[in-house]
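Below are the chains, spelled out letter by letter.
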Amino acid sequence: MPSVLYVDGVRTAFGRAGPKGVFWRTRADDMAVKVVRELLRRNPELPPERIGDVILAATAQVGDQGLTLGRDVALLAGIPSTVPGFAIDRMCAGALTAVTAGAGEIAMGAADVVLVGGVEHMGHHPMGDDVDFNPRFVAERLIDESAAVMGQTAENLHDEFPELTKADADAYALRSQQRSTAAWENGIMRETVVPMAVFTDDGWTVAERDQFLRPDTTMEGLAELPSPFRLGGRVTAGNSAGLTDGATAGLLASEGAAEELGLEQRMRLVTFAYAGVEPHLMGVGPVPATEKALAQAGLTLDDIGLFELNEPFAVQVLTWCQSMGVDPEDERLNPHGGAIACGHPLAATGVRLMAQLAYGFRERPNVRYGLTALCIGMGMGACVIWENVHGRN
């Protein structure tokens, strides 16, 4: 089957969800249009009509991120009407699922260039809003009631792994803020974050920096924050990702198409895996997904030189680290920070992870393999293993 290559990926800045957020008066689909147009601008070698499919994810597929999002955004972005598109949902793994769905099209020869991504406007569409959970889930004890509240599932992880303390979670959160701040100061984020003109209550401005970035974070300040999910709990706003608005877009191509069109080849998809776990412990999902993906690839964790994990909650990353035998301070793990600092707009996050991994590969040419992984609501996990196209090993 044809090799599937990651060519490029961009994102908006990630804004605070709600009236104080920079995207409060901006439509979700317009955010997605912005990153799609930027992706095409950055890759002028690609004729838009050559795109075989546009796959965009959203968790809340209603309102301004409803319709068939891939088709909707493609038309709004000026992509020819001959190019099809569709919407997809796997909650937090939406964009990663768009990637693996698009990779399947390329591998089967149904397309040789696919545009993928995701958008989530959590200010317009709060998590769980307009969702009618089937009462059988709880009445018949199919899942624990806490599975529907992500913060409670994080508290459940602390119960399941009592050795992982609030201080451990706060220390990890502090490192995420410090590494993200350094990445912005060093210009790393400028390569993937697309500034966007937006209208706010104070007039026009430019959304160009993540709103949850807190460079002045301290352990003392984190220790004082209350837990909203449980009396005496360990999960706080400081060691969790904030509710966020944002959009991402990425470009995949077959090796033949990339060579023919002169597209830059950054990463090669090696394999991917999804796994299910108990819904009330959804944060452990990346563990079996990572194990499954490594087995499929015939690799061990020692072969992986970079890890890009989502950070909905610090304890979620810590459970992966403990289960996989990785030091939370390991320089291979989220070297440019993560969602605790930049935010987690659900279905959009997967492409952010990929873009940061691609940058990490360029910085570290001796690294051959890396992975992107995240947990998924209702008890799932995802992992994608990538190869550094320009690696020296």
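Now for a description of the structure that goes with this document. (Residues numbered from 1 in each chain as written. Predicted model: local features only at pLDDT ≥ 70, side-chain atom pairs only at ≥ 80, totals over all residues. Heavy atoms only, no water.)

## A few points about the overall build of the protein
(1) Moving on: Within the protein, the secondary structure is distributed over twelve helices and 13 strands.
(2) Moving on: At 20 Å, the protein has a C-alpha radius of gyration in line with the 21 Å of a compact globule built from 393 residues.
(3) Moving on: Along the first, second and third principal axes, the C-alpha atoms of the protein reach 60 × 50 × 50 Å.
(4) Moving on: Split into buried and exposed, the 393 residues of the protein put 60% on the buried side.
(5) Moving on: For the protein, the accessible area works out to roughly 15,300 Å², and carbon and sulfur atoms hold 51% of it.
(6) Moving on: If you average the places of the 31 positive and of the 51 negative side-chain charges in the protein, the two averages end up 3 Å apart. (Helix = DSSP H or I, 4+ residues; strand = E, 2+ residues; numbered from the N terminus. Rg over C-alpha atoms; globule rule 2.2 N^0.38 Å. Buried < 20%, exposed > 50% of the residue type's maximum accessible area, 1.4 Å probe, protein only. Areas by Shrake-Rupley, 256 points an atom, 1.4 Å probe, with all protein chains shown as cover. Lys, Arg positive; Asp, Glu negative; His and termini not counted. Charge placed at Lys NZ, Arg CZ, Asp CG, Glu CD.)

## Focus on empty space enclosed by the protein
With a probe scaled to a water molecule rolled over the atoms, the places where space remains empty come into view.
(1) Moving on: What the rule picks out here adds up to two cavities of 30 Å³ or more.
(2) Moving on: Computed from the structure, the largest cavity encloses a volume of approximately 50 Å³.
(3) Moving on: Contributing to the lining of the largest cavity are Tyr-172, Arg-175, Ser-176, Arg-179, Glu-311, Pro-328, Leu-333, Asn-334 and Gly-337.
(4) Moving on: When the residues that make up the lining of the largest cavity are grouped by side-chain class, the tally is three nonpolar, three polar and three charged.
(5) Moving on: Taken as a whole, the second largest cavity spans an internal volume of roughly 30 Å³.
(6) Moving on: Here the residues of the lining of the second largest cavity sort into four nonpolar, two polar and no charged. (1 Å grid on protein atoms, 1.4 Å probe; cavity = no way out; pocket = protein on both sides within 12 Å on 5 of 7 lines; lining within 4 Å. Points joined across faces, edges and corners; volume = space filled by probe spheres on them. Nonpolar A, V, L, I, M, F, W, Y, C, P; charged D, E, K, R; others polar.)

## Brief notes about the environment of Ala-382
(1) Moving on: Tracing the sequence through the fold places Ala-382 in strand 13 (residues 380-388).
(2) Moving on: Along the primary structure Ala-382 and Thr-97 are separated by 285 residues, whereas in three dimensions their C-alpha atoms are 8.7 Å apart.

## Concerning the pattern of salt bridges
Between side chains of opposite charge, pairing is possible as soon as their charged atoms come close.
(1) Moving on: With the rule as written, the count across this model stands at 21 salt bridges.
(2) Moving on: Between Arg-11 and Asp-210 there is a salt bridge, with the nearest N and O atoms lying 2.9 Å from each other. Placement of Arg-11 in strand 1 (residues 4-12) and of Asp-210 in the loop between strand 8 (203-207) and helix 7 (219-223) is noted, with a sequence separation of 199 residues between them. In this structure, Arg-11 and Asp-210 share a single accessibility class: buried.
(3) Moving on: Its salt-bridge partner being Arg-268, residue Glu-255 comes within 3.9 Å of it at the nearest N-O pair. Taken together, the residues Glu-255 in helix 8 (residues 255-261) and Arg-268 in strand 10 (residues 267-276) connect sequence positions 13 residues apart. (Salt bridge = Lys/Arg side-chain N within 4 Å of Asp/Glu carboxyl O.)

## Thoughts on unusual backbone geometry
(1) Moving on: Within the chain, Arg-141 stands out as a residue other than glycine whose phi angle is a positive 55 degrees.
(2) Moving on: One can find Arg-141 in the loop between helix 4 (136-139) and helix 5 (150-160).
(3) Moving on: Of note, Leu-346 is a non-glycine position whose phi angle comes to about 30 degrees, a positive value.
(4) Moving on: Structurally, Leu-346 can be placed in the loop between helix 11 (339-342) and helix 12 (349-363).

## Section: the nonpolar core
(1) Moving on: Ranked by size, the top nonpolar core spans 42 residues in total, and within it Ile-304, Phe-307, Leu-309, Trp-320, Leu-371 and Ile-385 carry the most contacts.
(2) Moving on: Elements with a minimum of two residues in this core: helix 5, helix 6 (166-185), strand 10, helix 9 (286-297), strand 11 (304-309), helix 10 (314-324), strand 12 (369-376) and strand 13.
(3) Moving on: Sort the elements by how many residues they give to this core and helix 10 lands first, with seven residues.
(4) Moving on: Grouped together as the second largest cluster of nonpolar side chains are 39 residues, Ala-32, Val-33, Val-35 and Ile-51 included. (Core = buried A, V, L, I, M, F, W, Y, C linked by side-chain atoms within 4.5 Å.)

## Structural notes on the packing of helix 9 against helix 10
Each pair of packed helices can be described by the angle between their axes along with the distance between the axes.
(1) Moving on: Between helix 9 and helix 10, the least distance of the axes is 9 Å, while the angle of their chain directions is 45 degrees. When the axis of helix 9 is compared with that of helix 10, the two are oblique. Relative to helix 10, the crossing made by helix 9 is right-handed. When helix 9 is examined against helix 10, the residues Pro-286, Val-287, Thr-290, Glu-291 and Leu-294 are found in contact with a partner set consisting of Gln-316, Thr-319, Trp-320, Ser-323 and Met-324. (Axes fitted to C-alpha atoms, helices over the stretch in contact; angles between N-to-C directions. Parallel < 35°, antiparallel > 145°, perpendicular 65-115°, else oblique. Left-handed = near helix turned anticlockwise from the far one by under 90°. Contact = heavy atoms within 4.5 Å.)

## Description of the environment of Pro-279
(1) Moving on: Mapped onto the secondary structure, Pro-279 falls in the loop between strand 10 and helix 9.
(2) Moving on: It is 35 Å that separates the C-alpha atoms of Pro-279 and Ala-182, two residues lying 97 residues apart in sequence.

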